[in-house]
Amino acid sequence: MFRFPFVTAVISSLLSALLVSVFSSSVLEAAPRNAFPGRRVGGGTRGECAARPFVHLVPASNVFSPGVARLIAVLEGPSPDPQPLDVTLRSASVKGIVEPDAAPLMHKQVPAAVNRLVLLSIPAATEPMLWESSYRCGGDDGGDEFGFITTSAPPARSLLLPDGSPEAQNRSQQSELAALKAACSTTTPLGPLKARFQLDDVVIDDSWPEQVTVQCF
């Protein structure tokens, strides 16, 4: 008469393990296999400087090839206290790993503004690059011992690959940025950018305007 509770417990344990296994498999299958393990969205934390999210205009995989146009873009929204944006490029492996003592290929500080698309021309490169952007908040020296940007706002990090890399299938996004080059100092609608780069309402909500200014550097 003591066997039934034991058998019931064993069956219950087996079912729980099976459900956990099935759930874990589903999550793994749903996760993007080729996604770079950084985040294309930065900011979004508490505090006036860090509260405003910004986003690298790269595919959802967070891997992008700038192509022959050598253009990258950052999208910034509304803020009551805009801060300058630091952008750094470094040589990296195909996994985004950077040598600690490697000097930046590019380090640019973009003046503060709101509701804009920042379009940047970058150096030509035959190797992958780690692209990191972050707001320069007050009282920050702008870098740690390895030269990475260190601010109170979480940085955005994306992997840039040389033109022709099989891992980067983003011709449509390259064309989008090349077309925006002709719109410097004008405005462009936000909706098409949101659709092209698969940005959801968590990043671009109702507080954003319908049009953003295109600034080229």
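Everything quoted here is computed from the prediction, not taken from an experiment.

1. Considering the side chain of Ser158
At step 1: Along the polypeptide, Ser158 turns up in strand S9 (residues 156–160).
At step 2: For Ser158, the side chain forms a polar contact with the side chain of His56, separated by 2.8 Å.
At step 3: Side-chain polar atoms of Ser158 contact the side chain of Asn62, separated by 2.5 Å.

2. Some remarks on the sheet that holds strand S1 (residues 41–42)
At step 1: Here 6 strands make up an open sheet; going across it, the order is S1-S2-S4-S7-S11-S10 and the pairing mixed. In the strand order of this sheet, the two ends are held by S1 and strand S10 (187–189), each with one partner.
At step 2: Here strand S7 (residues 116–121) pairs with strand S11 (residues 211–216) via 4 bridges, running parallel. Across the sheet, residue Arg116 finds its bridge partner in S11, namely Thr213.

3. Considering the sheet that holds strand S5 (residues 85–91)
At step 1: In space, the 5 strands of this open sheet follow the order S3-S9-S8-S5-S6, with mixed pairing throughout. On the outer flanks of this sheet lie strand S3 (63–64) and strand S6 (106–110), each paired with one strand and no other.
At step 2: As paired strands, S5 and S6 are joined by 5 bridges and run antiparallel to one another. Of the residues in S6, the one forming a bridge with Val87 is Lys108.

4. So, the nonpolar core
At step 1: Ranked by size, the top nonpolar core spans 40 residues in total, and within it Leu57, Leu75, Leu117 and Leu177 carry the most contacts.
At step 2: Counting residues per element, this core draws most heavily on strand S4 (residues 71–76), which supplies 5 residues.
At step 3: Residues Phe36, Val63, Ala92 and Leu161 belong to the second largest nonpolar core, which totals 7 residues.

5. What about the confidence of the model for the protein chain?
At step 1: Confidence along the protein chain averages 79 in pLDDT terms, with 74% of residues attaining 70 or more.
At step 2: Between residues 14–34, whose pLDDT stays under 50, and residues either more than four places distant or in other chains, the model counts 2 contacts.
At step 3: Contacts for the low-pLDDT stretch residues 140–151, under 50 throughout, to residues beyond four places or in other chains number 29 contacts.

6. Description of the environment of Asp205
At step 1: Its location among the elements puts Asp205 in the loop between helix H3 (190–196) and S11.
At step 2: The partly exposed category is assigned to Asp205, whose relative accessible area is 36%.
At step 3: Within the structure, Asp205 has its side chain in polar contact with the side chain of Ser207 (distance 2.5 Å).

7. Focus: unusual backbone geometry
At step 1: A positive phi angle, near 70°, is found at Ser185, a position not held by glycine.
At step 2: With respect to the helices and strands, the residue Ser185 is situated in the loop between helix H2 (171–181) and S10.
At step 3: Since its relative accessible area comes to 71%, Ser185 is described here as exposed.

8. Notes on the packing of aromatic side chains
At step 1: Under the criterion given, the structure shown has 1 aromatic pair.
At step 2: Between Phe54 and Tyr135, the ring centres sit 4.9 Å apart and the planes meet at 70°, which makes this aromatic pair edge-to-face. Placement of Phe54 in strand S2 (residues 54–56) and of Tyr135 in strand S8 (residues 129–135) is noted, with a sequence separation of 81 residues between them.
At step 3: Residue classification places Phe54 among the buried residues on the basis of a relative accessible area of 0%.

9. Observations concerning the environment of Pro162
At step 1: Positionally, Pro162 belongs in the loop between S9 and H2.
At step 2: Residues Pro162 and Arg70, 92 residues apart in the sequence, show an inter-C-alpha distance of 9.6 Å.
At step 3: Setting aside its immediate chain neighbours within four residues, Pro162 contacts Ser65, Ala125, Thr126, Glu127 and Pro128.

10. Notes on H2
At step 1: Listed as buried for H2 are Gln173, Gln174, Glu176, Leu177 and Leu180. The arc that holds every buried residue of H2, seen down its axis, measures 160°, which confines them to one face. When the buried face of H2 is taken as reference, the exposed residues oriented beyond 90 degrees from it are Arg171 and Ala179.

What counts as what
Residues numbered from 1 in each chain as written. Predicted model: local features only at pLDDT ≥ 70, side-chain atom pairs only at ≥ 80, totals over all residues. Heavy atoms only, no water. Helix = DSSP H or I, 4+ residues; strand = E, 2+ residues; numbered from the N terminus. Polar contact = N/O pair within 3.5 Å; in protein donor to acceptor, adjacent residues only side chain to side chain. Pairing = 2+ DSSP bridges. Core = buried A, V, L, I, M, F, W, Y, C linked by side-chain atoms within 4.5 Å. Buried < 20%, exposed > 50% of the residue type's maximum accessible area, 1.4 Å probe, protein only. pLDDT = per-residue confidence, 0-100. Contact = heavy atoms within 4.5 Å. Phe/Tyr/Trp six-rings, centres within 6.5 Å; stacked < 30°, edge-to-face > 60°. Arc of directions from axis to C-beta.

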